[in-house]
Amino acid sequence: MTYPAKLKFKLLETCHDDYLSSINSLRRIDLLTAGGHRLEKNLEEFLPRRPGETQELYETRLSKYCYTNLLGSAISQQVSKLSNSSLVVSGLVSDENFWNEFREDTSLNGRSEKELISHVFREVLKFGKVFLHVDKPPSAVRPANRLQEQVLGLRPYVVAYSPFQVTDWYEDSRLRWIKVRQQFKIQPNPAQEPQTVVTWKFIDERSVATYSAVVELSKSGKIEKVNGEPVNDETEVSLTSEIAHGLNTLPVIKLELPDNLWVGNQAYPKALEHLKTEHSRHDMLTLAYFQRTYKRTVMPDGDLTESYTEIEPLKTGLQHVLELEKFEWNEPQGTIVEHINKTLESIKAEVRDLVSLGGGSVTTEAIRQSGVSKQMDFVKQEAILREYGALLCQCYQQVLQLVARSAGLANPELISVTGLSNFENNTLESLIEEVSNLTGINFSVLRANLPPTAYKLTYSQIVNLLVGNLSAEQQQAINDEIDQMLQSDENIIIEATGTAL
């Protein structure tokens, strides 16, 4: 694809229909998982003004803001559980030093392989998808071979783009190109005001083309000026760079979750309900007393029309009061607060179950459970985590193969990524109990009642479940040892009985 020297602003700002339909929901999910000052700055979106509520009372109510970051903490717990499982990468035999360096720093900024996997998992849990771009640092000198690339320090690295940044794309049987819109501030001179720069990066199967401009933004965040001039649809933005990557394929991997695994989309409405309910409870508890009844006082005089003029309402902090025969102040009894607390606990349990898909117990009964019972609670959650693990392994395998191609390494198709399938939830007590149960099994009786192949598979499965996460090399070594042990047992039986099994 050939890119012109300039593109019109309207074309650069064009967005995919899916992006336009989902961006508002994604932004709310992002705010609810972030919490803190970011959510506080956007409270009006989540806690709108009530009918008839004055601006003064509305601002007073917003000042009582409180929020338990339920969705963010639940997602973080899920990410931590997945990180307990090991990742096994095989086929990195072409350049051990290169791969060791890359896996220790996948971003050229100190981000390790494990941190990259955790970041990708967190992003897809929140937003449903993430884009991973394999890129190289820019260079004024075009290297002639891989040795010159190493000397110049031009090794590949991985950039993760969120759905906020990828505003447009095209795919048929596969993804063909994407457009990445990024906004950031620069201040090369500390004596000058910082500038806001927006870049539009087109990544296709041949090259990476970047258009950029210094902009001025309105209070709502929209671009008002480009390079000091008022912007319109026909405003032109210049091409700043176009670099051929030489891969003859799109150097971008898109990881997208199926709807049933996208927990951000499922748990977001309940997290929003929790925020509103918690805020209402806090607003209620900060009122020391409630005015229950009030009736206007009318002073008789000679002119009836003057007797019923509007008077200034009492400064009670409430928008509406009942007009009855008496005036009194009542302290709240707390019954409704009890119901709200139960509702909050119920919502909290629902959000946690939605994120882990029912994998853990959320009641106080979990405290009294045995280690075996707790282990059973995680069966369903581990099944879901394995689905996530399989998707992440497939995605990261494609990323590593792209890195190998970008670095000019041989046989990238031999690279394989496995793992993220066993999650060690065992305590020392439960592990000892499992070993004790294992030693109590009469394997001779088991062997006598199973076909040889079924016995070997059963024995191998028991051993693998006991030892937990294994690398491919360790797994192969154990399988070889099991074969040798079973063959040795068979030889002993043949010698003793004179009959082959």
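Structure: above.
Peer 1: Would you mind showing me how to read the overall build of the protein here?
Peer 2: Helix and strand counts for the protein come out as 18 helices and 15 strands. A buried classification covers 35% of the 501 residues belonging to the protein. Considering only residue pairs separated by 6 or more positions, the protein has 69% of its internal contacts joining residues 24 or more positions apart. For the protein, the computed accessible surface area is about 29200 Å², with 52% contributed by carbon and sulfur atoms.

Peer 1: Would you mind going over the environment of Gln398 with me for this structure?
Peer 2: With respect to the secondary-structure elements, Gln398 resides in helix H14 (residues 379–407). In this structure the C-alpha to C-alpha distance between Gln398 and Leu132, which are 266 residues apart in sequence, comes to 10.0 Å.

Peer 1: Teacher, can you tell me more about empty space enclosed by the protein here?
Peer 2: Over the atoms, a rolling probe the size of a water molecule traces out where space has been left empty. This structure, assessed with the given rule, holds 1 cavity of 30 Å³ or more. What the largest cavity holds in volume is close to 40 Å³. Taken together, Leu116, Ile117, Val120, Leu132, Leu392, Cys395 and Tyr396 make up the full set of residues lining the largest cavity. Elements with a contribution of two residues or more to the lining of the largest cavity: helix H8 (113–127) and H14. When grouped by side-chain class, the residues that make up the lining of the largest cavity number 7 nonpolar, no polar and no charged.

Peer 1: Please explain the packing of aromatic side chains as it appears in this structure.
Peer 2: What describes a pair of aromatic rings is the distance from one ring centre to the other and the angle between the planes of the rings. Scanning the entire structure with this criterion turns up 10 aromatic pairs. Between Phe98 and Trp99, the ring centres sit 5.1 Å apart and the planes meet at 75°, which makes this aromatic pair edge-to-face. Three or more aromatic residues link up through ring pairs in this structure, and these residues are Tyr3, Phe202 and Tyr211.

Peer 1: I tried to follow unusual backbone geometry on my own but got confused; where do I start?
Peer 2: Note: most residues except glycine have negative phi, and most peptide bonds are trans. Backbone geometry places Leu108, a non-glycine residue, at a positive phi of 65°. Tracing the backbone shows Leu108 in the loop between helix H7 (96–104) and H8. Owing to a relative accessible area of 37%, Leu108 belongs among the partly exposed residues under this scheme.

Peer 1: Would you explain H8 in this entry?
Peer 2: Helical periodicity: at 3.6 residues per turn, an α-helix aligns residues three or four positions apart in one direction. Here H8 contains 15 residues, and its C-alpha end-to-end distance of 21 Å stays within 8% of the 21 Å for a straight helix at 1.5 Å per residue. With 11 of 15 residues buried, H8 lies mostly within the body of the structure. Residues of H8 that are buried include every one of Glu113, Leu116, Ile117, Ser118, Val120, Phe121, Glu123, Val124, Leu125, Lys126 and Phe127, and no others. Just beyond H8, the residue with positive phi is Gly128, at close to 90°.

Peer 1: I would appreciate a short explanation of the pattern of salt bridges in the present structure.
Peer 2: When charged atoms on two side chains of opposite charge get close, those side chains can pair. Taken as a whole, this structure holds 20 salt bridges when the rule is applied. In this structure, Arg176 and Glu205 form a salt bridge, with 3.2 Å as the shortest nitrogen-oxygen distance. Taken together, the residues span a long stretch of sequence, with Arg176 in strand E6 (residues 175–186) and Glu205 in the loop between strand E7 (195–203) and strand E8 (207–217) at a distance of 29 residues. A salt bridge links Glu242 to Arg206; the shortest N-O distance between them is 2.6 Å. Separated by 36 residues along the polypeptide, Glu242 in strand E11 (residues 236–244) and Arg206 in the loop between E7 and E8 bring together distant segments of the chain. For Glu242, a relative accessible area of 33% translates into the label partly exposed. Given a relative accessible area of 38%, Arg206 falls into the partly exposed group. One salt-bridge network, in which partners are shared between bridges, spans Asp30, Arg38, Glu123 and Lys126.

About the thresholds
- Residues numbered from 1 in each chain as written.
- Predicted model: local features only at pLDDT ≥ 70, side-chain atom pairs only at ≥ 80, totals over all residues.
- Heavy atoms only, no water.
- Helix = DSSP H or I, 4+ residues; strand = E, 2+ residues; numbered from the N terminus.
- Buried < 20%, exposed > 50% of the residue type's maximum accessible area, 1.4 Å probe, protein only.
- Contact = heavy atoms within 4.5 Å.
- Areas by Shrake-Rupley, 256 points an atom, 1.4 Å probe, with all protein chains shown as cover.
- 1 Å grid on protein atoms, 1.4 Å probe; cavity = no way out; pocket = protein on both sides within 12 Å on 5 of 7 lines; lining within 4 Å.
- Points joined across faces, edges and corners; volume = space filled by probe spheres on them.
- Nonpolar A, V, L, I, M, F, W, Y, C, P; charged D, E, K, R; others polar.
- Phe/Tyr/Trp six-rings, centres within 6.5 Å; stacked < 30°, edge-to-face > 60°.
- Expected span 1.5 Å × (residues − 1).
- Salt bridge = Lys/Arg side-chain N within 4 Å of Asp/Glu carboxyl O.

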